[in-house]
Every structure is written in structure tokens, then in C-alpha cells.
Amino acid sequence: MSRAEVAAAYDVRAEEYVAGLGSVAQLPPQDRATVVAWRDATSGRLLDAGCGPGHWSDVLTDGGRRPVLGVDATARFLVSARRRFPHVDLVLGDLAALPVPAASVGGVLAWYSLIHTPPVDLPALLAELARVLVPGGSLLLGFVDGEAGTPFDHAVVTAHHWSGAALGGLLEDAGFVVERVASRQDPGARRRHGELVATLAPAGVRAGGVTAPR
């Protein structure tokens, strides 16, 4: 399924999604703790890639943190986000072609925003996230933990499991160094939560700190 089709599927169910999952208070408190800790350890401009209805973009601005940019392909999500969080800069855009210059953000939050990406397309999206980060910039990625690449029936549209190991390999190929991987099974949840933090290595350096041959 294309990214445009995914965005259209979310547009149809945007109001239902916002009512059920559009507030951080409706989500596991561990998620907020993870995002806040990452935010506070990350410098520079922050990008919420796949911001949905803007609730995590709002968290990124807590404590006066500026600037924060949220990007999403679902127009009706952004209508809700702009109404509820007018202090956040929100843009309609494709995660495969982010509307920001290269090496212009210090941190990218991709919180469950890549789960609908077909496995064959994921390396290109990770490369795009790497493009916009400054060297040493940080990526926090939330995913559904399971056998890498296997699809499952999501409430809106087909999504895919990933493992920390499989994502780590793809991220290293994109120039990242994986710093932390964790997963958990929340009470009552059907699927395991996964999270990963990675840092963009300087140009010419591979994962593990080995300088690539010229």
C-alpha cells in the first residue's frame, strides 16, 4: 500500500483516532517518560516525523522547547492538531521527502509513524531521516515488536512488525549508530511495544566508530 493510500485511510478515520488516541493522557505513561527523556537529552531543532494529531509534537514543546516541527501526510489530523496545539509548527508532507533542509534538525521523533511502510521501502525512509539530521543528531523510533517485516491487521490499515535487531541493521546501513533498544508488553495490549534510539554518525564513519576507507 502506498503512503498516499495510508494517509487516505487515516483521513477517513481521523476523528475516531483523535477521540481514542489523540491525547498523551490516553497512552501508556511509559511512552511519555521515554519521549520526554529523549527530548531533554537532545539539542537543536526537533522534528516529529508522522506527527498525526500533534499530541507528541506538543510534548516536545513542553518547558518552552523551540522550535519543533510536526510533519504528517493526513490532512484531517493536521486540522485537529492546529486547533488543539496552535503553538506548534505543523506541515502537510511526505516522510519520504521531508520539507526541511539537509542537516537542519538535532532530533527526529518517529513514534509508530513507520509501521505502515512496506519493508522494501523502509531503507529509503530511514535514509531520508538521516538526511535531515545533523551529524550526532538523535532518532527516537517507536515500533511494534515482533518478527521483522511480518504484516498484521492494524485498526486502520495493514502494518508491519519489526525487531530491534532488524531495525538496527537497517539504521546502520543508513549511517546511524544504535544507542538503545527496548521492548515491553503492556497489560491488556495485544502487541509488544518497541523503542529504539540511534545517533547519526559523522560523515565517513560507520557504525562502531570505524572510519570508512576513502
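As shown above, the structure is provided for reference.
Criteria and thresholds
Residues numbered from 1 in each chain as written. Predicted model: local features only at pLDDT ≥ 70, side-chain atom pairs only at ≥ 80, totals over all residues. Heavy atoms only, no water. Helix = DSSP H or I, 4+ residues; strand = E, 2+ residues; numbered from the N terminus. Contact = heavy atoms within 4.5 Å. Pairing = 2+ DSSP bridges. Axes fitted to C-alpha atoms, helices over the stretch in contact; angles between N-to-C directions.

Draft legend 1. Quick peek at the environment of Ala-201. Structurally, Ala-201 can be placed in the segment after strand E9 (192-200). With 25 residues separating them in the primary sequence, Ala-201 and Phe-176 have C-alpha atoms 5.4 Å apart. The contact partners of Ala-201, leaving out residues within four places of it in the chain, are Gly-175, Phe-176 and Val-177.

Draft legend 2. Representation of the sheet that holds strand E8 (residues 176-184). Strand order across the open sheet formed by seven strands is E3-E2-E1-E4-E5-E9-E8, with mixed pairing between neighbours. The two strands at the open ends of the sheet, each matched to only one other strand, are strand E3 (89-92) and E8. Within this sheet the neighbouring strands show an average axis-to-axis angle of 15 degrees, counted without direction. In this structure, strand E5 (residues 133-145) lies alongside E9, joined through eight bridges in antiparallel fashion. Opposite Ser-138, over in E9, you have Thr-199 as the bridge partner. Sheet contacts for helix H3 (residues 29-40): strand E1 (46-49), strand E4 (105-111), E5, E8 and E9; angle to E4, the most-contacted strand, approximately 165 degrees.

Draft legend 3. Expanded view of the environment of Leu-171. Its place among the elements puts Leu-171 in helix H7 (residues 164-173). For the pair formed by Leu-171 and Pro-123, sequence separation is 48 residues and the distance between their alpha carbons is 7.9 Å.

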